[in-house]
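Reading the structure
Read off the chains here:
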Amino acid sequence: TVTEKATGKRFLFAGDCDAPLDDIDRITAGNSYELCVFECAHFPAELLIAHLAPLNTKRAAVIHVYPLDKYDRLDAVRGDFGFELLTPADGDSVEL
């Protein structure tokens, strides 16, 4: 977790995670974020989706998605959360 000193905005970057992703729940419990970034290459998309639901964030970005058919699953749940779910491509930028 990183907090920008000037604004107090919080950012979470969870690098190459491994299942079962329990650390996500432990780290994010009771915290709010402007943006959370997760990768989705080393476990099923459904596992990440289950951990996204309780997040208190304005936006969540899912990167490093492989195999590519996981994008279909992420797209199917895009409107199911109380935050914006992003799937940025390489080279895209996201402002806090």
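Look up: the structure comes first, before these words.
How each quantity is defined
Residues numbered from 1 in each chain as written. Predicted model: local features only at pLDDT ≥ 70, side-chain atom pairs only at ≥ 80, totals over all residues. Heavy atoms only, no water. Pairing = 2+ DSSP bridges. Helix = DSSP H or I, 4+ residues; strand = E, 2+ residues; numbered from the N terminus. Contact = heavy atoms within 4.5 Å. Axes fitted to C-alpha atoms, helices over the stretch in contact; angles between N-to-C directions. Buried < 20%, exposed > 50% of the residue type's maximum accessible area, 1.4 Å probe, protein only. Polar contact = N/O pair within 3.5 Å; in protein donor to acceptor, adjacent residues only side chain to side chain.

Some words on the sheet that holds strand β5 (residues 84-86)
Taking strand neighbours across the sheet as the criterion, the five strands line up as β1-β2-β3-β4-β5 in an open arrangement whose pairing is mixed. Looking at the sheet topology across the chains shown, the edges are occupied by β1 (2-3) and β5. Pairing analysis gives seven bridges linking strand β3 (residues 33-40) to strand β4 (residues 57-65), with the strands arranged parallel. Residue C40 lies in a different strand from β4, and its bridge partner there is V65. On top of the sheet, helix α2 (residues 45-52) reaches β3, β4 and β5; it is set at about 165° to β3, its chief contact.

So, the side chain of T28
Tracing the backbone shows T28 in helix α1 (residues 22-28). The buried category is assigned to T28, whose relative accessible area is 11%. Polar side-chain contacts of T28 include one of 2.7 Å to the backbone oxygen of I24.

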